[in-house]
Each structure stands twice: as C-alpha cells, then as structure tokens.
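# A structural walkthrough
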2 protein chains.
Amino acid sequence: MNVKYYRGNTKFLVSIDCIIFGFSEGELNLLLFRRKIEPAKGSWSLPGGFIKEHESAEEAASRVLHSLTGLKNLYMEQLKVFTEENRDPGERVMSIAYYALVNVADYDHDLVLENNAHWRNINDLPELIFDHHDMFQVALERLRHKASTEPVGFNLLPEKFTVPQLQSLYEAIYGQRVDKRNFRKKVRTMNFLEKLEEKDKSGSKRGAYLYTFNKELYEQAIHLGFSFTL
Amino acid sequence: MNVKYYRGNTKFLVSIDCIIFGFSEGELNLLLFRRKIEPAKGSWSLPGGFIKEHESAEEAASRVLHSLTGLKNLYMEQLKVFTEENRDPGERVMSIAYYALVNVADYDHDLVLENNAHWRNINDLPELIFDHHDMFQVALERLRHKASTEPVGFNLLPEKFTVPQLQSLYEAIYGQRVDKRNFRKKVRTMNFLEKLEEKDKSGSKRGAYLYTFNKELYEQAIHLGFSFTL
DNA sequence: TCAAAAGTGTTAAGTTTACACCCATGA
DNA sequence: TCATGGGTGTAAACTTAACACTTTTGA
C-alpha cells in the first residue's frame, strides 16, 4: 500500500528545530541546549527532533516544546524548511524551523535543567551547529514583523503586565529604544488592553498599573477595522 | 555511512509544488496542469515533483519550473511545508510550496502546451487537488505583502512597461482599484524607474511612455534609506 | 469629431515624531 | 529628602486620501 503510487522516489529524514524566545528582565533570550548525539555532540544547538511516522511537523514541534518546557499550546509558527544536501554533516536531513514564544513565568525549570538547556540573550549567542544561526536570523526577522502587526508579543509576558514591561519587550524585540510617550499613546488606543486596579511594585517604588490583553475585545476591534501596530 | 547516526528514524517522500503567477491583459493568472499520475489523475493541480536524492528543494523547484516554462532563474520564494499525514491520499508526502513570478512574454508556449498546462485567472480557479488551494492562498497573501514592500512585481512585467500597466498589475495583485494620480505620484518618487523616450501604443491611441526598472539605482536608493511601498 | 486612455496638482485628514516636566514612593 | 522609575500633552513634519479636467490620437 505504501509504495502504490510513488515508488522509486527518494525518501528523506525530516526534523524540526525550534527557536524558542523567552523574555526576562528586559532581555530577549533563546532556549539552547547542548546536543546529545553525534555529530557535533556537546555543541550548542537549537532544540529539535525527528518527525515520527504518524506525526505532522506541527505535532513534532509541539512534542519537542512540551518535552523541553513542560508547556503545551505555546504560540508557534512555521518559518522555513532547510534542505541543503550537506547542511547536516552526519547524514542528509531536511529540517523545518519553528519559532515559539514562551512566558518565562510558566515553564518547568527543572525540566529545562534536566535537558541541559539554557536561556541565552539573543545578542550574545554562542556558536550554533549547522545552519541553526540562519534559522535564528529568520526567526528574529519574523518575530519582529509579526510582533509589529499582530498581538503575539503578549505570549512573552505574564497574564498581567505593566506598560513599561510591554515597552521594554518591544525594545528588546526591535533592538532599539522607543519613545515612552508615543508608546503609551498607542497603548491607550488599544482598548483591548484592560487596565487593572492593581499595581506591580517590583520595578519601582511608585509601582506601575497592571494590564491584561483581552482577546475578545481585540477581535471586536479588528472586526471594526482596527489595525494593530506597535 | 548513510545510517551512521540517525538510524531508526522514519524517512519521508518530499515534493515541491509551484504556484506560478503570470500577468497578462490586466489579469493575474496561475499556471495549472492536469495531473498525470494516480491518485486524482486528470484533476487540476499545481505543477510539482519529488525532490531527488542529491537536490535541495530550491533546485527541485527550479527544475520543475524550467521543465514547464523553459525558463531559468525565475523569481521564486519558499512559502511553507505542508506535512499533514493524509494530505495526499496516495501515500504520505510532505510538500514544500514555492511561488514563482513569470513574465508571460518569455515563457515557452509550446512546452506549456505539451505539459497540458493552462493559465487560469486567480479569481476563477478550478478545484485543485489535495491542499493545493491552501497553497495558493498562502502564495497570494505572500505575493501581496512582498509586492507592497519590495520591487518583485517587475518580474511579472516585460523589461519595458508603462505606468498604466504597472498600476493594473498592482490592482490585480491587491484585487482592488487604486487612484491613478496617487499611484503616479509614488512612481515619480522612484527614480530607479527610468522613463524612456519610447511609447507603447498597444493600450491606447495616444500611447504611454515606457519605463524600465533599474536595479542598480534601486539598490543605491535603498542604501540611502529609501523604502519601497506600492 | 469623438471616444478612449494618458497624464497632471492641490487640499484636507490623519499619522508620526520629537520633546520636558511632575508624581509617588521606599530607602 | 531624594533617587528612581511612572505617568502625562502638544505642535511640527510628514504621509495618505480624495478628487476633475486637459491632452493626444486613430478610427
């Protein structure tokens, strides 16, 4: 049955690799780990794994993300397949790159440690195996674009966050400072960002008001012609 | 050698499928063909083919594009891999979608005929096999975005083109009318579009001035901070 | 001579940028 | 009391959108 139609064509190993972004203390980080198998065993690598017989690529990526962070239903997007014949010196493998956004308050720290994984600032990455640095570059560009036009950045923040936190997230994503007053002006136009009574005093003595992202209100706003830009 | 490291993992058939855009007489068209193999033999399909043992996906896509149109070095971009287990009812195949832009003045008409391929208006597509319509949707969105921010549209036009032609191309891509005076104003700011002495009289009695896209000038402009939007 | 497409500018509305001071609080 | 980060508005520059008439020419 399995060779009924397409007999004679070459089959390939296909893996997925994950560019996992996390935001913490004003810095945008990547979750990297020490590769456990040859070739290049022990080198820094993006987390990844082979796609199994009955899995889609998305399922494989979700599985890898879950096994590393303990989290399910992470925000995740396919980026690109890398298919150069010699990209992996061990054997021919095509790899599908995904990027994912993690709220660092949520993940399972012990699991990450067990896996020999570490958060590394995107501006201070170690050398990565194969074409993994290219994958990261594609991911960062995509994240920059996506975060500027869709409310995906909130996946990197806790449920409740302050405006200064949100601003510093965007500064980390874009790699440049943004004007506080102009930023807040834009936030004020987003009435799907609900201001709470509560303040977060962790960042300052005065404390900053907490906000939440309301998905329903966001969808209403979009429906009424609102277009997200930050 | 070939099973040194990754032994035991499942291998997959991997194909590429091409969404080939062509622009002619104010309409944006797709090059489709009648599938020659089972399953779904005879149904409308995107052109595609399996990736061969020593090929990258790009090389496979170039090969398929060349065999169908006689053209090399077409503008081409990877879109997305489709990996759902049952996307192809014949057997499990992962397929990498590429879109390509063809100047319809250039391609080999006989070759297209031989291959049983036909240009079909994007607003009047027949039913396509498998997930090929999804692939088209992704391609159209990407083309819209890309054409609005980078000068890729010129790949759909002959070397020399008129402003009304360029405008009608953009109207076809976006699926909506644009204001003539505002459009020309923007074109005037693009000094990498060189106005020639010649006129094209095919579209009107009066004739419209021909222009060419000058890549060197474009790159200079970009270097000086110009940002393309149309 | 007239139908059909090419070509041309101005104004109002909206968006983006730049910029400086007061407030609240815990140490 | 003071150092630290939170919070606020306005004006100028620029960009976008809307809109109507004249020109050229072959049939």
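Residues numbered from 1 in each chain as written. Chains lettered and ligands numbered in written order. Predicted model: local features only at pLDDT ≥ 70, side-chain atom pairs only at ≥ 80, totals over all residues. Heavy atoms only, no water.

Each partner contributes to the interface: chain B provides 40 residues, whereas chain A provides 40 residues. Buried area between chain B and chain A, summed over both chains or domains, comes out near 3,400 Å², and the portion from carbon and sulfur atoms is 54%. One can count two salt bridges joining chain B with chain A. Between the two partners, chain B and chain A, sit 16 residue pairs in polar contact (both at pLDDT 80 or more). (Contact = heavy atoms within 4.5 Å. Buried area = accessible area lost by both parts, 1.4 Å probe. Salt bridge = Lys/Arg side-chain N within 4 Å of Asp/Glu carboxyl O. Polar contact = N/O pair within 3.5 Å; in protein donor to acceptor, adjacent residues only side chain to side chain.)

The subject of this paragraph is the domain arrangement of chain A. Quite often, the size of an interface is put as the accessible area lost when its parts meet. Residues and elements named next belong to chain A. By domain assignment, chain A separates into domain 1 (3-149) and domain 2 (157-223). Each partner contributes residues to the interface: domain 1 has ten residues there, and domain 2 has eleven residues. For the pair domain 1 and domain 2, the summed buried surface comes to about 830 Å²; carbon and sulfur atoms form 63% of the total. Per-residue buried area on domain 1 facing domain 2 is highest for F23, R144 and A147; these three make up 54% of the total on that side. Remark: the boundary between domain 1 and domain 2 carries zero salt bridges. If you look at where domain 1 meets domain 2, you find three residue pairs in polar contact (both at pLDDT 80 or more). Across the side of domain 1 that touches domain 2, the residue classes tally to six nonpolar, three polar and one charged. (Domains from an automatic or database assignment. Nonpolar A, V, L, I, M, F, W, Y, C, P; charged D, E, K, R; others polar.)

Attention now goes to the relation of the copies chain B and chain A. Mapping chain B onto chain A leaves a residual RMSD of 0.0 Å; the transformation is a rotation of 180 degrees accompanied by 0.0 Å of translation along its axis. Such a combination of rotation and displacement between the chain copies is what one expects of a two-fold axis. Take the interface residues of chain B: 100% of them recur as interface residues in chain A, which is what a same-surface contact looks like. (Least-squares fit on C-alpha atoms with pLDDT ≥ 70 in both.)

Residue and element names in this part refer to chain A. Counting buried residues along strand β5 (residues 75-82), six of its eight residues qualify, which places the element largely inside the surrounding structure. The sheet contact formed by β5 and strand β6 (residues 93-102) spans seven bridges and is antiparallel. Bridge pairing in β6 places Q78 opposite Y98. (Buried < 20%, exposed > 50% of the residue type's maximum accessible area, 1.4 Å probe, protein only. Helix = DSSP H or I, 4+ residues; strand = E, 2+ residues; numbered from the N terminus. Pairing = 2+ DSSP bridges.)

Now for the nonpolar core. Judged by nonpolar contacts, the single largest core of 50 residues is most densely connected at I16, I51 and I96 of chain A together with I16, I51 and I96 of chain B. Looking at this core, the elements that each hand over two or more residues are β1 (11-24), β2 (27-34), α1 (57-69) and β6 of chain A together with β1 (11-24), β2 (27-34), α1 (57-69) and β6 (93-102) of chain B. Beyond its immediate chain neighbours, meaning those up to four positions away, I16 of chain A contacts P47, G48, G49, I51, A57, A60, A61, V64, S95, I96 and Y98 of chain A. Within the second largest apolar cluster, 44 residues are counted, among which are F23, L28, A139 and V163 of chain A. (Core = buried A, V, L, I, M, F, W, Y, C linked by side-chain atoms within 4.5 Å.)

Attention now moves to the packing of aromatic side chains. Under the definition given, this model contains 28 aromatic pairs over all chains. Among the aromatic residues, those joined into a cluster by ring pairs are F154, F161, F192, F213, Y218, F226 and F228 of chain A. The ring of Y209 of chain A is capped by K195 of chain A, whose NZ or CZ atom sits 4.4 Å from the centre of that ring. For R120 of chain B, the ring lying beneath its charged end belongs to W44 of chain B, and the centroid distance is 5.6 Å. (Phe/Tyr/Trp six-rings, centres within 6.5 Å; stacked < 30°, edge-to-face > 60°. Lys NZ or Arg CZ within 6 Å of the ring centre and 35° of its normal.)

Moving on: the environment of K185 of chain B. As for its placement among the helices and strands, K185 of chain B is situated in helix α5 (residues 180-189). A C-alpha to C-alpha distance of 18 Å links K185 of chain B and N214 of chain B, two positions 29 residues apart in sequence.

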